[in-house]
Amino acid sequence: MNNPDIGNFASKSVPRHLARGAIGFGLLIGSIALVPAAGPATLLAAPLALIAFRGCPTCWLAGLAQTVSRGRLERQCVDGVCTLSDRRASLARHAHRPQVGLRHTEM
C-alpha cells in the first residue's frame, strides 16, 4: 500500500495535507480546550486527531516535508555515499548527455 515514490507520510497534494493538518490540530486543540465546558468526554476526540495526522504531529510534519519535496529531490548513492540533489537539474543534465551505444551513420 505504501508507494516508495510518495513517502510514508506524504499526501497526494499540499492542500490535502494541510487540510488533514487543520482537522488534526483542530480536533486535538478542541478536545483539550473543551474539557472545562463539556467534561473529560471531549478527550475522546484526541485519538481522531492521530488518524488525521497518520500518527503524531511530528509524523504530520514529516509528511508535509515529503509532500512538498516530492518529485523535486532525488537521492543518489555512489560507492556508499548518498547525496540529495535537485531532480530537475539532474534530468536536464541527462537530457543533454549523448546516448551510449548508439552510432550515427550516414548512408
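These numbers were taken from a predicted model, which means no experiment stands behind them.

**A look at the overall build of the chain**
Here comes step 1: In terms of helices and strands, the chain carries five helices and two strands.
Here comes step 2: Tracing the chain from N to C terminus, the helices and strands come up as α-α-α-α-β-β-α.
Here comes step 3: For the chain, the residues scored as buried account for 18% of the 107 residues in total.
Here comes step 4: Considering only contacts within the chain whose residues lie at least 6 apart along the sequence, 52% involve residues at least 24 apart.
Here comes step 5: Carbon and sulfur atoms provide 64% of the accessible area of the chain, an area that totals close to 8,300 Å².

**Looking at the state of the cysteines**
Linking two cysteines covalently via their sulfur atoms produces the bond known as a disulfide.
Here comes step 1: Under the criterion given, the structure shown has one disulfide.
Here comes step 2: The disulfide bridge from cysteine 77 ends at cysteine 82, spanning 2.0 Å between sulfur atoms. With the S-S bond torsion at 105 degrees, the cross-link from cysteine 77 to cysteine 82 turns out right-handed.
Here comes step 3: Classification of cysteine 77 by relative accessible area gives partly exposed; the value is 46%.
Here comes step 4: Note on cysteine 56: no disulfide assigned, nearest cysteine sulfur contributed by cysteine 59 at a separation of 3.4 Å.
Here comes step 5: With relative accessibility at 31%, the residue cysteine 56 sits in the partly exposed group.

**A look at unusual backbone geometry**
Here comes step 1: Positive phi values are uncommon outside glycine, yet arginine 54 reaches one of about 60 degrees.
Here comes step 2: Mapped onto the elements, arginine 54 comes out in the loop between α3 (46-53) and α4 (57-69).
Here comes step 3: Arginine 54 gets classed as partly exposed once you look at its relative accessible area, which sits at 40%.
Here comes step 4: Positive phi, close to 55 degrees, is recorded for aspartate 79, a residue that is not glycine.

The rules we used
Residues numbered from 1 in each chain as written. Predicted model: local features only at pLDDT ≥ 70, side-chain atom pairs only at ≥ 80, totals over all residues. Heavy atoms only, no water. Helix = DSSP H or I, 4+ residues; strand = E, 2+ residues; numbered from the N terminus. Buried < 20%, exposed > 50% of the residue type's maximum accessible area, 1.4 Å probe, protein only. Contact = heavy atoms within 4.5 Å. Areas by Shrake-Rupley, 256 points an atom, 1.4 Å probe, with all protein chains shown as cover. Disulfide = S-S within 2.5 Å.

Keep in mind that these numbers describe shape and distance, not what the molecule does.
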